[in-house]
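Commentary on secondary and tertiary structure
Given next are the chains, with one letter for each unit.
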Amino acid sequence: MSAADPSSNVALVAGAGGIIGHAVCQELARQGWRVTALARRPVAGFASIQADLTDARGTADALRSASGTTHLFYAALNPDPDLATEAERNGRMLGNLLDGLEETGAPLRRVVIYQGFKIYGIHLGAKVPTPARESDPPHMPPNIYLAQEAQLRRRAERSAWDFVALRPDVVVGDIHGNPMNIALVVGVFAELSRALGIPMRFPGTDLAYRQLVQFTDSGLLARASAWAASSERASGEAFNVTNGDVFRWERMWADAAAHLGMETAAPVPLTLERHMADKGPLWREIATAKGLVQPDLATLVGWGFGDFIFHTETDVISDVNKIYRHGFRERMDSAASLRAALDSLKRQRILP
């Protein structure tokens, strides 16, 4: 798995239009890899394959141009409110992609797949023992990550390739069009508050405001991905990947508000998905006045993701000692990560 000659590595990044996949494409290209983006729409700056991974035959046909793939980075996601449907569909999507690569004769050596803190059951209301460890026992399925990992384990046993699972938590990045982008949730909420002449008030519960939580910077995760793709020691392992620090929203919210030039006040718990439903016209006014690239608020922000984050009333902390022991030791200041993402979103005219 030596990365001595990155140009010999041919990456296929599934879900390349998302917050994880896009960062992975950029980092691998920076390191000299040959990169192909796989998504429903073309990804600017990269050779792109468009495919619907739920369509097995269509996926296999689309992958004919990816016959040189040596490494698959799988960040594709097709969510569903029904957990059983979500698990079955996403497991099948991964299987369709692996079948397609096998059919085209790709010399696949490693798969890097992305999981998340939900593998520990937080979305089911579990008070996850913290820091959560990769060795913690699984919960009763269905779970999208368990379904995908079962696909990988079955296939890896009879294949020349192996796999590595990376487990980030709340990913901080600077793209739009992805519903799970906390920087966009914070930034858009702040600008709507500014336009209404009110303080930037944390829209979650008092308890969530004071829990210990964490971020994973998308750039750090991309560099961890390149490491996971090339490290012999990583083979067959799962690794938590976070910035390595923890914070309370009580402090982070104040820091973000100060960076954006906003005042704060005591939290007021909202169900953002419902409470922001009437804010579309206001955002369109802001976008028109400021020349922003996306005037459609419903397309821009996933308020439901914000609701989940801002109403989590338990500590969310991952143990990252395992990945440090195996050789990836990068850390990052989470407040700096959020500030950088907000600044980048402004430079791109996604935020004013």
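Residues numbered from 1 in each chain as written. Predicted model: local features only at pLDDT ≥ 70, side-chain atom pairs only at ≥ 80, totals over all residues. Heavy atoms only, no water.

**A word on the packing of aromatic side chains**
Counted under the stated rule, the structure contains 15 aromatic pairs. Measuring from centroid to centroid gives 5.7 Å for Trp 253 and Phe 310, while their planes differ by 85°, and the two rings are edge-to-face. Linking Trp 253 in helix H8 (residues 249-259) with Phe 310 in helix H12 (residues 303-310), this pair joins segments that are 57 residues apart in sequence. The pair Trp 253 / Phe 310 is uniform in exposure class, with both members buried. Among the aromatic residues, ring-to-ring pairing joins Phe 189, Phe 202, Tyr 209, Phe 215, Phe 247, Trp 249, Trp 253 and Phe 310 into one connected group. Sitting over the ring of Phe 308, Lys 118 keeps its end group 5.5 Å from the ring centre. (Phe/Tyr/Trp six-rings, centres within 6.5 Å; stacked < 30°, edge-to-face > 60°. Helix = DSSP H or I, 4+ residues; strand = E, 2+ residues; numbered from the N terminus. Buried < 20%, exposed > 50% of the residue type's maximum accessible area, 1.4 Å probe, protein only. Lys NZ or Arg CZ within 6 Å of the ring centre and 35° of its normal.)

**A closer look at the pairing of strand E10 (residues 238-241)**
Of the two faces of E10, the one carrying Ala 238 and Asn 240 and the one carrying Phe 239 and Val 241 are both buried. Pairing between strand E6 (residues 162-168) and E10: four bridges, direction parallel. Within E10, the position partnered with Ala 165 by the bridge is Ala 238. (Pairing = 2+ DSSP bridges.)

**Quick look at the pairing of E6**
Taking burial as the measure, the seven residues of E6 include seven buried ones, the bulk of the element. Burial along E6 is two-sided: Asp 162, Val 164, Leu 166 and Pro 168 and Phe 163, Ala 165 and Arg 167, pointing in opposite directions, are all buried. As defined by bridge partners, strand E5 (residues 110-114) adjoins E6 across five bridges and the pair is classed as parallel. By the bridge assignment, Tyr 114 is partnered in E6 with Leu 166. Of the crossover connections in this fold, the one passing from E5 over helix H4 (residues 144-156) to the parallel E6 is right-handed. (Right-handed = clockwise from strand over helix to strand, strands pointing away.)

**Things to note about the sheet that holds strand E2 (residues 34-39)**
The strand order across the open sheet formed by seven strands is E3-E2-E1-E4-E5-E6-E10, and the pairing between neighbours is parallel. Strand pairing shows two members of the sheet lacking a second neighbour, strand E3 (47-50) and E10, which therefore form its edges. Here the strands of the sheet are splayed against their neighbours by 20° on average, with no regard to which way each runs. The strands touched by H4 are strand E4 (71-74), E5 and E6; relative to E6, the strand with the most contacts, the crossing angle is about 165°. The sheet contacts of helix H7 (residues 218-230) involve E4, E5, E6 and E10, and relative to E5 the element is tilted by about 150°. (Axes fitted to C-alpha atoms, helices over the stretch in contact; angles between N-to-C directions. Contact = heavy atoms within 4.5 Å.)

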